[in-house]
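Structure assessment
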Amino acid sequence: MSNEKIWLSSPHMGGKEQEFINEAFEQNWIAPLGPNVSGFEQDIKDYIFPEGENSAEVVALSSGTAALHLALIQLGVKAGDEVLCQSMTFAASANPIVYLGATPVFIDSEEDTLNICPIELERAIQDRIAKGKKPKGIIAVHLYGTPYKIDEINKVASAYGIPVIEDSAEALGSSYKGKKCGSFGEFSILSFNGNKIITTSGGGALVTKNQQAKEKTIFLATQARDAAPHYQHSEIGYNYRLSNVSAGIGRGQMLVLDERVAARRAMHEFYVDLFSEINGVEVHSVPDNDYFSNHWLSVVKVDKKQTGGINRENLRLFLEENNIESRPLWKPMHMQPIFKDSPFYGKGVAEALFENGLCLPSGSNLSDEDRARISRAVKECFKK
Ligand SMILES: *Cc1c(COP(=O)(O)O)cnc(C)c1O
């Protein structure tokens, strides 16, 4: 049996990507615009809004981080403002707040979805308002593919009139009450980075509520040129558009997205099965049937009181010895050195998840042999 590295999540091409890239080369569309860019945008739009039920639009960008940056700009976030943000997430969710000179205010998770807690969110809003500043936006994240508590978060957000930016970077293919993630925010962002469920090698998208917001997004993403024959600028712009070559990869990947979701969900089932025989390890699953997760990464919580003393780190190191990659959950932003002075509202849920949670290999390209190796290593780790 081979001992090749088993990765947490690696790119998985479908086969048609190369054809779209070749087309770009043949037609000399090697620019941050072209038929693959518009085709990819249309594919995403048809996927997220299969019934075409509203006026939403998609803009392909160079990264998910760029999409968040342009969303915050369009919400009018400026230096000195505050933006509420889920603490347990990747730093890219919070960094664009700081690009604008604004302050992130971090919010704890709840146990059911691991995402932003509606109770702590409301407490934070009331306290920030009492201190004299109403937050300009809420960044809520569908971590590892599990939708956040969308109804509860929207209820709080609309009670105070604060728009939600939906960070759906990890949740393309997930849904809530039958509606796709990426459709819920005032702005929603997607990522096609190399480790995500589908990839363009690097890329992202912003989902906007209407055509006007789409046009504004493209304007900002292409250096904010005024309508003039020469280069004239009345606003600060960015170079954030996706290249037509990368978008070609994206079009090929969209053809296999549903297969990728099915394969990731099968990995989740594999872990549910594997850990059903092991005391003290819980596989994180959705709270109920309203939630459909793409299970981008499978997550377990290790309770050393029930495992006979084996903790998250013991499991991680044991897997590493067997050349199997695993990773602790995102280290919460309020625990990060760079954000130590930012306000935080919570009760220790994210801290505990960080201490006990582990992401396991979840790629859609793992083989039966890989699963057998993972299974053997896990069982050996908990034997005793
Ligand atoms: C990957 C990711 C991003 C950023 O996307 P990039 O395309 O890598 O810039 C933002 N938020 C979350 C939760 C992510 O996982």
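Take the packing of aromatic side chains next. Under the criterion given, the structure shown has 10 aromatic pairs. Considering the side-chain rings of Tyr 144 and Trp 296, the 6.4 Å spacing of their centres and the 10° angle between planes classify their relative orientation as stacked. Taken as a pair, Tyr 144 in the loop between strand 4 (138-141) and helix 6 (150-160) and Trp 296 in the loop between strand 11 (291-292) and strand 12 (298-302) lie far apart in primary sequence, 152 residues in all. By the burial criterion, Tyr 144 is buried, and Trp 296 matches it. Here a set of aromatic residues connected by ring pairs shows up, and it is made of Phe 90, Tyr 144, Trp 296 and Trp 330. Directly above the ring of Tyr 47 sits Lys 180, whose terminal nitrogen or CZ lies 4.8 Å from the centroid. The ring of Phe 354 carries the charged tip of Arg 312 above its face, separated from the ring centre by 5.9 Å.

Attention now goes to unusual backbone geometry. Phi is positive for Ser 201, which is not a glycine, with a value near 80°. With respect to the element layout, Ser 201 can be found in the loop between strand 8 (187-191) and strand 9 (204-208). The phi angle at Asn 323 is positive, at roughly 65°, despite the residue not being glycine. Relative to the helices and strands, Asn 323 resides in the loop between helix 10 (312-321) and strand 13 (327-328). On the accessibility criterion, Asn 323 (24% relative accessible area) is partly exposed.

A separate point is the environment of Asp 112. Assignment of secondary structure puts Asp 112 in the loop between strand 3 (103-107) and helix 5 (118-130). Owing to a relative accessible area of 39%, Asp 112 belongs among the partly exposed residues under this scheme. Measuring from C-alpha to C-alpha, the distance between Asp 112 and Pro 287 comes to 5.8 Å, with 175 residues separating the pair along the chain. Apart from residues no more than four positions distant in its own chain, Asp 112 is found in contact with Lys 149, His 284, Ser 285 and Pro 287. One polar contact links Asp 112 to Lys 149, side chain to side chain, over a distance of 2.7 Å.

A word on the environment of Phe 275. Mapped onto the elements of the fold, Phe 275 is located in helix 9 (residues 257-275). In sequence terms Phe 275 and Val 300 are 25 residues apart; their C-alpha atoms lie 9.0 Å from each other. If sequence neighbours within four positions are ignored, Phe 275 has contacts with Val 281, Val 283, Val 300, Leu 360, Val 378 and Phe 382.

This part is about the sheet that holds strand 14 (residues 344-345). To summarise the sheet geometry, strands pair through backbone hydrogen bonds and adopt either a parallel or an antiparallel arrangement. Spatial ordering of the open sheet is given by 1-9-8-5-4-2-3-14, a layout of 8 strands whose pairing is mixed. With partners counted over all chains shown, the strands left at the sheet margins are strand 1 (57-61) and strand 14, one partner each. Where strand 3 and strand 14 come together, 2 bridges link them in parallel fashion. Bridge pairing links Phe 106 to Phe 344 in strand 14. Sitting on the sheet, helix 2 (residues 35-48) is in contact with strand 1, strand 8 and strand 9, with an inclination near 135° to strand 1.

A separate point is the domain arrangement of the protein. Interface size is often expressed as the accessible area that is lost when the parts come together. When cut into domains, the protein gives domain 1 (17-256) and domain 2 (258-383). A C-alpha centroid distance of 26 Å is found between domain 1 and domain 2. Counting residues at the interface gives 47 residues for domain 1, matched by 38 residues for domain 2. Across the interface of domain 1 and domain 2, roughly 3800 Å² is buried in total on both sides, 59% from carbon and sulfur atoms. Remark: the boundary between domain 1 and domain 2 carries 1 salt bridge. One salt bridge connects Glu 120 with Lys 347, and the closest N-O pair in it is separated by 2.6 Å. Seen at the junction of domain 1 and domain 2, the total is 28 residue pairs in polar contact (both at pLDDT 80 or more).

Taken as a whole and assessed by the stated rule, the structure comprises 0 disulfides. Cysteine Cys 117 shares no disulfide, and the gap to the nearest cysteine sulfur, in Cys 85, comes to 15 Å. In this structure Cys 117 comes out as buried when scored by relative accessible area, which is 10%. Take Cys 359: it sits in no disulfide, and the sulfur closest to it among the cysteines is that of Cys 381, at 16 Å.

We now examine the pairing of strand 15 (residues 357-360). Burial of strand 15 is two-sided: the residues Gly 357 and Cys 359 facing one way and the residues Leu 358 and Leu 360 facing the other way are all buried. Summarising the sheet, strand 12 and strand 15 pair through 4 bridges and their orientation is antiparallel. Across the sheet, the residue bridging to Lys 301 is Gly 357, located in strand 15. Where strand 13 lies against strand 15, 2 bridges are found, and the strand directions are antiparallel. Of the residues in strand 15, the one forming a bridge with Arg 327 is Cys 359.

Glancing now at the side chain of Lys 301. Note that Lys 301 resides in strand 12. If we skip the residues at most four places from it in the chain, Lys 301 touches Glu 111, Gly 280, Val 281, Glu 282, Leu 353, Asn 356 and Gly 357.

Here the focus is the nonpolar core. One finds Ile 44, Tyr 144 and Leu 172 to be the most contacted residues of the largest nonpolar core, which totals 37 residues. Of all the elements in the fold, those that place two or more residues in this core are helix 2, strand 1, strand 9, helix 8 (244-254), helix 9 and helix 11 (349-356). Both of domain 1 (17-256) and domain 2 (258-383) provide at least three residues apiece to this core. In this structure, Val 59, Leu 70, Ala 71 and Ile 97 belong to the second largest nonpolar core, which totals 30 residues.

The rules behind each value
All chains use their own residue numbering, which begins from 1 and follows the written sequence. Whole-chain, interface and lining totals are the exception, using all residues; otherwise, since this is a predicted model, local features are given only for residues with pLDDT of at least 70 and side-chain atom pairs are given and counted only at 80 or more. Hydrogen atoms and water are omitted, and side-chain values are computed over all heavy atoms in the structure. Paired rings are identified among Phe, Tyr and Trp, the last through its six-membered ring, by centres lying within 6.5 Å, and are further divided according to the angle between planes into stacked (under 30 degrees), edge-to-face (over 60) and tilted (the rest). Labels follow the DSSP assignment, with helices taken as runs of H or I lasting at least four residues and strands as runs of E lasting at least two, numbered in each case from the N terminus. Type-normalised accessible area, obtained with a 1.4 Å probe on protein chains alone, sets the label of each residue: buried when under 20%, exposed when over 50%, and partly exposed for intermediate values. A ring has a charge above it when a Lys NZ or an Arg CZ is no more than 6 Å from the ring centre and no more than 35 degrees off the ring normal. Here, two residues are considered to be in contact whenever any of their heavy atoms come within 4.5 Å of each other. In the analysis that follows, any N or O atom pair within 3.5 Å is treated as a polar contact, provided that within protein one partner can donate a hydrogen and the other can accept it, and provided that, for residues neighboring in sequence, both atoms belong to side chains. By the convention used here, strands pair only if DSSP detects at least 2 bridges between them. Between N-to-C directions, angles span 0 to 180 degrees; the directions come from axes that are lines fitted to C-alpha atoms, helices contributing only their stretch in contact. The split into domains, and so the bounds of each, comes from an automatic or database assignment of domains. Here the quantity called buried area is the total loss of accessible area, with a 1.4 Å probe, experienced by two parts when brought into contact, counted for both. Any carboxyl oxygen of Asp or Glu that lies within 4 Å of a side-chain nitrogen of Lys or Arg is treated as forming a salt bridge with it. Defined by distance alone, a disulfide is two cysteine sulfur atoms within 2.5 Å. We define the nonpolar core as a collection of buried residues of types Ala, Val, Leu, Ile, Met, Phe, Trp, Tyr and Cys that are connected through side-chain atoms lying within 4.5 Å of one another.

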